[in-house]
Amino acid sequence: MKILIVSDTHGRHETLMKVLRTEEPVDMLIHCGDTEGGEDWIRQHTQCFSVPIVKGNNDFFSNLPAELELDIAGYHVFITHGHGYGVSMGTERLVDEALSRKADIVMFGHTHRPLIADHDDLWVINPGSLSYPRQEGHAPTYIVMTLTVGKEPDFELHKCI
Ligand SMILES: [Mn+2]
């Protein structure tokens, strides 16, 4: 399965449109929060039927779920924006929570900085922000995750230049 992971679009969709044109068709589009009201627009502009989106700290009036746990191709995936776990200071609390939920993969946003890390049996993934990147160079980033039953998960970080 090819899964596109994005985050922190904050109501701006120009870069997301380019990413969709480049990467679709995908089996799933995951958004790790801070759509700022853009969730309906995003769902209307992807060919993808499966579009899990969680609520970010800037999604004040949304009905989005705060967190999701999904089983995808045999992997238990925990999705959260991450601000409730202090991710700006580090991923320790998020990792503890993900391990307690028996997750194989945890994905989050909020920091606007991409991350692909492997903590023993847990993958810790942040696609960065498509609208307001904060890492050095400030390129919008996203992650393509490929999950195949019986194989190691594959994560590719993509920069939009
Ligand atoms: Mn944000």
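A brief structural summary. (Residues numbered from 1 in each chain as written. Predicted model: local features only at pLDDT ≥ 70, side-chain atom pairs only at ≥ 80, totals over all residues. Heavy atoms only, no water.)

### Let's talk about the pattern of salt bridges
Part 1 of the reasoning: In the structure shown here, the tally under the stated rule is 5 salt bridges.
Part 2 of the reasoning: Of the charged contacts, one joins E14 and R12 as a salt bridge, the two residues approaching to 3.8 Å between their closest N and O atoms.
Part 3 of the reasoning: Judged by its relative accessible area of 47%, E14 falls in the partly exposed class.
Part 4 of the reasoning: On the accessibility criterion, R12 (37% relative accessible area) is partly exposed.
Part 5 of the reasoning: The closest approach of N and O atoms between R101 and E67, which form a salt bridge, is 2.8 Å. Highlighted residues: R101 in the loop between α3 (92–100) and β5 (105–107) and E67 in strand β3 (residues 67–72), separated in sequence by 34 residues. (Salt bridge = Lys/Arg side-chain N within 4 Å of Asp/Glu carboxyl O. Buried < 20%, exposed > 50% of the residue type's maximum accessible area, 1.4 Å probe, protein only. Helix = DSSP H or I, 4+ residues; strand = E, 2+ residues; numbered from the N terminus.)

### Section: the nonpolar core
One recurring pattern in soluble globular proteins is that nonpolar side chains are buried together.
Part 1 of the reasoning: Counting 18 residues, the largest nonpolar core has I3, I5, I30, I105, M107, I125 and M145 as its most contacted members.
Part 2 of the reasoning: Breaking this core down by element, the ones donating at least two residues are β1 (2–6), β2 (28–31), β4 (75–80), β5, β7 (122–126) and β8 (141–146).
Part 3 of the reasoning: Sorting elements by how many residues they give to this core places β4 first, with 3 residues.
Part 4 of the reasoning: Ignoring sequence-local partners within four residues, the contact set of M145 consists of M1, K2, I3, I5, I105, M107, D154 and F155.
Part 5 of the reasoning: If you look at the next biggest cluster of nonpolar residues, it comprises 16 residues, including L16, L20, I42 and C160. (Core = buried A, V, L, I, M, F, W, Y, C linked by side-chain atoms within 4.5 Å. Contact = heavy atoms within 4.5 Å.)

### A short note on unusual backbone geometry
Part 1 of the reasoning: Of the consecutive residues E24 and P25, the connecting peptide bond is found in the cis state with omega at 10°.
Part 2 of the reasoning: On the secondary structure map, P25 appears in the loop between α1 (14–23) and β2.
Part 3 of the reasoning: If you check the backbone angles, H10 has positive phi at about 50° while not being a glycine.
Part 4 of the reasoning: Structurally, H10 can be placed in the loop between β1 and α1.
Part 5 of the reasoning: The class for H10 is buried, based on a relative accessible area of 11%.
Part 6 of the reasoning: For A73, which is not a glycine, the phi torsion comes out positive at approximately 50°.

### Examining the coordination of the manganese ion
Part 1 of the reasoning: Distances from the manganese ion to its protein donors, D8 (OD), H10 (NE2), D34 (OD) and H112 (NE2), fall at 2.1 to 2.4 Å.
Part 2 of the reasoning: Donor residues for the manganese ion sit on one chain with the sequence pattern D-x1-H-x23-D-x77-H. Placement of the pair is D8 in the loop between β1 and α1 and H112 in the loop between β5 and β6 (115–119), with a sequence separation of 104 residues.
Part 3 of the reasoning: Accessibility expressed as a relative area gives 0% for D8, which makes it buried. (Donors = N, O, S within 2.8 Å, 3.2 Å for Na, K, Ca; no water.)

### Quick look at the pairing of β3
Part 1 of the reasoning: Note: β3 against β4, 6 bridges, orientation antiparallel. Following the sheet pairing, E67 is matched in β4 by T80.
Part 2 of the reasoning: The turn joining β3 and β4, which pair antiparallel and follow one another in sequence, is formed by 2 residues; a positive phi near 50° is taken by A73. (Pairing = 2+ DSSP bridges.)

### Overview of the environment of L20
Part 1 of the reasoning: Turning to its location among the elements, L20 is positioned in helix α1.
Part 2 of the reasoning: When its relative accessible area of 3% is taken as the criterion, L20 is described as buried.
Part 3 of the reasoning: When the C-alpha atoms of L20 and T46 are compared, they prove to be 6.9 Å apart, with 26 residues separating the residues in sequence.

### A short note on the packing of aromatic side chains
Part 1 of the reasoning: Within this structure, the stated rule accounts for 3 aromatic pairs.
Part 2 of the reasoning: Ring geometry for W123 and F155: centres 5.0 Å apart, planes at 45°, overall tilted. With W123 in strand β7 and F155 in strand β9 (residues 154–159), this residue pair connects regions lying 32 residues apart in the sequence.
Part 3 of the reasoning: Note that R12 overlies the ring of Y132, its terminal NZ or CZ placed 5.2 Å from the centroid. (Phe/Tyr/Trp six-rings, centres within 6.5 Å; stacked < 30°, edge-to-face > 60°. Lys NZ or Arg CZ within 6 Å of the ring centre and 35° of its normal.)

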